[in-house]
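The lines below spell out each chain.
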Amino acid sequence: MHNVNEITLAITGASGAPYAHRLLQVLLDKQWHVHLLISKAAMMVAAVEQGAPWPSNHDKQTAFVRREISDQGRLSLYGKDDWMSPVASGSGAPDTMVVCPCSTGTLASIATGQCDNLIERAADVVLKESGKLILVPRETPLSEVHLENMLKLRRAGAVILPASPGFYHQPQTIDDLVDFIVARILKSAGIEQDLVRPWGHSVTASDVSAD
């Protein structure tokens, strides 16, 4: 039986590095053990979007993450070819995995079961073990190919959670928009969140004028 407070988080090369950064921070603050997988493209995108280039060395990457994000939980960082890691097998992988953000290339590879790197293999493991796979694409517009891959994965049991923030919580900052998506990811993963009040709790009846 897996530890209920274990989760796999994969970060790929789509725009949306702040979502991944915040999600990792929240999971560790909640004392979850995070099995972290980061693609090379994700490191490049993070450098552009957050101004903090990731080191290429594995040990330096781990130190970098722990320096940037308070490590209240447990963090295990794996390389793309680390086939001996727990996430590479159904006997050791957590029951839940989030790919945030999920590039359309990664989406396609998971949909076709390629397993050419550890991120794809870990996602394949979660699907075959009937776990919860949450994919957070951030792409627009979507082509028919993208939509077909999403539909195929949804039918296979994955949750498709586009990074499309709402506005009913009256966001004041970019951080508020990021928190909206992170809150939705946590809810889909079955993890309690207090980042954003649910619909119906953010406004009172008196705040809404009747027709």
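The rules behind the values
Residues numbered from 1 in each chain as written. Predicted model: local features only at pLDDT ≥ 70, side-chain atom pairs only at ≥ 80, totals over all residues. Heavy atoms only, no water. Axes fitted to C-alpha atoms, helices over the stretch in contact; angles between N-to-C directions. Helix = DSSP H or I, 4+ residues; strand = E, 2+ residues; numbered from the N terminus. Parallel < 35°, antiparallel > 145°, perpendicular 65-115°, else oblique. Left-handed = near helix turned anticlockwise from the far one by under 90°. Contact = heavy atoms within 4.5 Å. Pairing = 2+ DSSP bridges. Salt bridge = Lys/Arg side-chain N within 4 Å of Asp/Glu carboxyl O. Buried < 20%, exposed > 50% of the residue type's maximum accessible area, 1.4 Å probe, protein only.

1. A closer look at the packing of helix α4 (residues 104-111) against helix α6 (residues 144-155)
Two elements in contact, α4 and α6, have axes whose closest approach is 9 Å; the angle formed by their N-to-C orientations is 45 degrees. It follows from the interaxial angle that α4 and α6 lie oblique. With respect to the hand of their crossing, α4 and α6 are arranged in left-handed fashion. Of the residues in α6, those touching α4 at Thr104, Leu107, Ala108, Ile110 and Ala111 are His146, Asn149, Met150, Lys152 and Leu153.

2. Remarks on the sheet that holds strand β1 (residues 6-11)
The strand order β3-β2-β1-β4-β5-β6 describes an open sheet built from six strands, whose pairing is parallel. The open sheet terminates on both sides in strands that have one partner only, identified here as β3 (74-78) and β6 (159-160). Alignment of β1 against strand β2 (residues 33-38), held across six bridges, turns out to be parallel. Among the inter-strand pairings, Leu9 is bridged to a residue of β2, identified as Leu36. Seen against the sheet, α4 touches β4 (96-102) and β5 (132-137) and runs at an angle of roughly 140 degrees to β4.

3. A look at the pattern of salt bridges
Within the structure shown, the criterion is met by four salt bridges. The partner of Arg22 in a salt bridge is Asp179, and the shortest N-O contact between them spans 2.7 Å. Of the two residues, Arg22 is situated in helix α1 (residues 17-29) and Asp179 in helix α7 (residues 174-188); the sequence distance between them amounts to 157 residues. Of the residues examined, Arg22 reaches a relative accessible area of 23% and is grouped as partly exposed. Lys128 is paired through a salt bridge with Glu129; the nearest N and O atoms lie 2.7 Å apart. With relative accessibility at 46%, the residue Lys128 sits in the partly exposed group. Look at Glu129 and you get partly exposed, because its relative accessible area is 43%.

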